[in-house]
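Results of the structural survey
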Amino acid sequence: MRQHRRWSYMAVITTLALIAAACGDGEGGATSTLAPGTTGAPQTTEAETDTETTAATGEPIRIGGTLALTGVFAATAAIHQATGEVFVERLNESGGLLGRPVEWVLLDDESTPDLAAAAYERLITEDEVDLVIGPYGTGNITAAMAVAQRYGYVFPHHTASLTYAYNYECHFSSWSTGLHPNITNPNLLYDAIESSGTPPETIGFVVNEFPGTMFISYGQPDTDEGGAVAEAEKRGWEVVLDVTFPIATSDWGPIAAQIKDADPDFLFIAGLGLDAPNIINAMQTIDYQPAGMFVQWPAPGPLLGTEGADGIMSVTIFEEHPPFTDDPEAVEVAADISQALADSGVPYTKVETQAAASWTAWEYLQQAAEGAGSLDQEAMCNWLIENGADTLFHGNIEFFPDQQNYYEDLSKIKQVQDGDWWVVYPSEFAAPDRSVIYSP
Amino acid sequence: MGLLAQGIVSGVLVGGLYALMSLGISLSWGALKIINLAHFAFILLSAYLVYQLTVSFGLDPLLTILIILPLFFLVGVLMQLFFHLARVDEFKSLIVSFGLLIIFQSLIQTTWSADFRRIGSALNPYETESFFIGSVAFPLAQLMAFVSALLIAGAMYLLFTRTYFGKAVRAVAQDPEMARAFGVDPRRVAVILSGLSTAFSALAGVFIAIGQTLFPGLAVGWFGIVFSVVILGGLGNALGAVVAGVIIGVAAGVATILWGPLAAPLVTFLILIGALLFRPEGLLTTRSVA
């Protein structure tokens, strides 16, 4: 009986491991035997080829891509889906691409890198799409980029964080972090803090072991380049806490206790998604609040409803307030995206980094094809490298091949003030009457 | 010292929540021979319903228990009737209940979207409330989950050892045919126990809604912890589940304090492997239902 039960446990655990793998386990890249064909029929967004369409005629241009429509990244991928749908709809309404209607062939990669890679393989070799656009999530983008590179497809993508790893000559990132965000992002933050006139003497780091946040905190692996921790030390700030936590952390109490025990003047949360709300809640329950906090890549909505989150800072490339909304077209597009997000049931509908990066990636693809005058991948790639892109949310962008097609870091610092996000630094991008609030 | 004490308290209390999340699966597996992965979906669905009832009608999240528990008891009853009808055995139940989990997850995503949902502080007085003994904090939401787990475990222990229904459950778990020969109706016993198990999972969902941000993929992250608790505690053993939850919670909390958060899952799964090697029947074997 005892022996039977042991084998029964083993069988169940093995099955569960397979199930967990099938469900995906985060950016680390779960293994799955599911074929992309099992993810369901492709969803398409196509031109309304009726009288409202101005000039798009002929065979549709098919643009293939995946998004994490299900799984752990689905919340953020929903923003990219809504943004892409608005872009394709507007593109078709304004005459299509090269005079032809555009169809977005969208597959679900289930938040899993190997499924994303398999789906791009299918899109290129079986569905024979004309163009591809990147998925959401660092792991998925990295996996899909390898497939695009193998077939020589131009690969615009939005929010991949391992900048040093992308050396494909035809990849184009729309996340304007620059090639060395591990240096530029922290220094932008530290400059912002110092602009308040009272820099911290001590700083604490809690770091998600997700590769992107490890890169920001400690720099590229196997180099002495450093990251946020080393840059803080260079400013003479004492690092009183430096802990790394697993991606799948469920009990935040002991981490909060460590933060309270270290009591830093400023807390740098190198986390993403829900890490910051979870840590702040855990700190609230032990009656602790640091003087200042920063979180690298949070889900923007949940923090606004979190007690104790007022004053927290983060990075952004766009927020829906002046001067970003000085361009009427940006306002119009942001309104369309917000409406699409509301229609899809997403509670936080403001346009910020994710939607802006997504929109820009689509612009790259459109301008590459129009600039090259064809769908020839090499010609499109060369055109983008030679001409850059004129974008709605970033302005003119010039790609530097000697920097792996990256360009300068266009990040800004935003802060939760009065229950909403506002850009507060650099001052020329700050919302009217807003500046960094920090006092250790 | 204060830091370590806080880590231990946090581990004990979160262990209560782990136990609550594991009770339904443990009872279902131990007594009914159904490895019911749908319980993960019930925890999640319950949490979303608590969120919706609180946000839409301004109900106190704890008061939603009055609606949630009877509702999910009924769901458990219907599910067990379906399992009888489909002749689902122990191993088929893995596949069938995994299908149910996927269906419920999809329904949740369709209904509430993939985006994050959280009961706002104004409607959730328990979210960050704590009381203190010295400098050690006892978060109210976790404390309530822990006390609930203890009460349920105690009640289930009394039910299984002191009542006719409990004896019937144990008889059915050991040999349904023989139990039937002695006048026990295995189907009736199974249906009631399935209702109770599902209601326990729903109660875990109430505390998840009070303390966490919800999204459809949340349930996947519970697999490792819950099955560790179920196996360590012993199948069908409610008291064992609480003890196992506390052991895992404290071990993870202390490991986090002493060696950093990355050590917590390592310690958790070392405990699980140790249990599989040396106590595969669970920690409190003599009180096991099966």
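Only a predicted model underlies this, so the values are computations on that prediction, with no experimental measurement involved. (Residues numbered from 1 in each chain as written. Chains lettered and ligands numbered in written order. Predicted model: local features only at pLDDT ≥ 70, side-chain atom pairs only at ≥ 80, totals over all residues.)

As a further point, take the overall build of chain B. A count of helical and extended segments in chain B gives eleven helices and two strands. Overall, chain B shows an N-to-C arrangement of helices and strands of α-α-α-α-β-β-α-α-α-α-α-α-α. At 19 Å, chain B has a C-alpha radius of gyration in line with the 19 Å of a compact globule built from 290 residues. Structurally, chain B occupies a C-alpha span of about 60 × 45 × 30 Å along its principal axes. Here chain B, with 290 residues, has 57% of them falling under the buried criterion. (Helix = DSSP H or I, 4+ residues; strand = E, 2+ residues; numbered from the N terminus. Rg over C-alpha atoms; globule rule 2.2 N^0.38 Å. Buried ≥ 20, exposed ≤ 12 C-beta atoms within 10 Å, placed from the backbone.)

So, on to the nonpolar core. Counting 184 residues, the largest nonpolar core has Ile63 and Val132 of chain A together with Leu20, Leu44 and Val229 of chain B as the members making the most contacts within it. Among the elements that make up this core, the one with the highest residue count is helix 8 (residues 186–211) of chain B (15 residues). Here this core spans two domains, and each of domain 1 (23–179 + 328–403) and domain 2 (181–321 + 412–429) of chain A adds at least three residues to it. Excluding residues within four positions of it along the chain, leucine 44 of chain B makes contact with Ile108, Gly205, Leu218 and Ala219 of chain B. (Core = buried A, V, L, I, M, F, W, Y, C linked by C-beta atoms within 7 Å. Domains from an automatic or database assignment. Contact = placed C-beta atoms within 7 Å.)

All right, on to the domain arrangement of chain A then. Note on interface size: it is often stated as the accessible area lost on association of the parts. Residues and elements named next belong to chain A. One can read the domain layout of chain A as domain 1 (23–179 + 328–403) and domain 2 (181–321 + 412–429). A C-alpha centroid distance of 29 Å is found between domain 1 and domain 2. Listed as interface residues are 23 residues of domain 1 and, on the opposing side, 18 residues of domain 2. Every element with two or more residues in the side of domain 1 that touches domain 2 is listed here: helix 2 (74–93) and helix 12 (353–372). Counting residues per element, the side of domain 1 that touches domain 2 draws most heavily on helix 12, at three residues. A class-by-class count of the residues in the side of domain 1 that touches domain 2 yields ten nonpolar, ten polar and three charged. (Nonpolar A, V, L, I, M, F, W, Y, C, P; charged D, E, K, R; others polar.)

Before going further, it helps to spend a moment on the pairing of strand 11 (residues 313–316) of chain A. Every regular strand shows the same layout, with side chains that alternate between the two sheet faces. Residue and element names in this part refer to chain A. Going residue by residue along strand 11, you find Met313 and Val315 tucked away on one face and Ser314 and Thr316 tucked away on the opposite face as well. Bridge count between strand 11 and strand 14 (residues 412–417): four bridges; the pairing is antiparallel. What sits directly across from serine 314, in strand 14, is lysine 414. (Pairing = 2+ DSSP bridges.)

Taken together, the 49 residues of chain A in the interface contact 44 residues of chain B. Counting only elements with at least two residues in the side of chain A that touches chain B, the list comes to helix 1 (2–23), helix 2, strand 8 (238–245), helix 8 (253–262), helix 9 (275–285) and helix 10 (300–304) of chain A. Residue contributions to the side of chain A that touches chain B peak at eleven residues, all from helix 1 of chain A. A class-by-class count of the residues in the side of chain A that touches chain B yields 26 nonpolar, 15 polar and eight charged.

Attention now moves to the packing of helix 12 of chain A against helix 13 (residues 377–387) of chain A. Residue and element names in this part refer to chain A. Following both chains from N to C, one finds helix 12 and helix 13 inclined at 105°, their axes separated by 8 Å at the closest point. By the angle class used here, helix 12 and helix 13 are roughly perpendicular. Across the interface between the two elements, Tyr364, Ala368, Ala369, Gly371 and Ala372 of helix 12 pack against Ala379, Met380, Trp383, Leu384 and Asn387 of helix 13. Broken down by class, the residue content of the contact of helix 12 with helix 13 amounts to eight nonpolar, two polar and no charged. (Axes fitted to C-alpha atoms, helices over the stretch in contact; angles between N-to-C directions. Parallel < 35°, antiparallel > 145°, perpendicular 65-115°, else oblique.)

On to the packing of helix 5 (residues 140–162) of chain B against helix 10 (residues 238–259) of chain B. Residue and element names in this part refer to chain B. Direction vectors running N to C along helix 5 and helix 10 enclose 150°, while the axes themselves pass 7 Å from each other. The orientation of helix 5 relative to helix 10 falls into the category roughly antiparallel. Of the residues in helix 10, those in contact with Ala149, Leu150, Ile152, Ala153, Met156 and Tyr157 of helix 5 are Ala238, Leu239, Ala241, Val242 and Gly245. Looking at the contact of helix 5 with helix 10 residue by residue, the classes come out as ten nonpolar, one polar and no charged.

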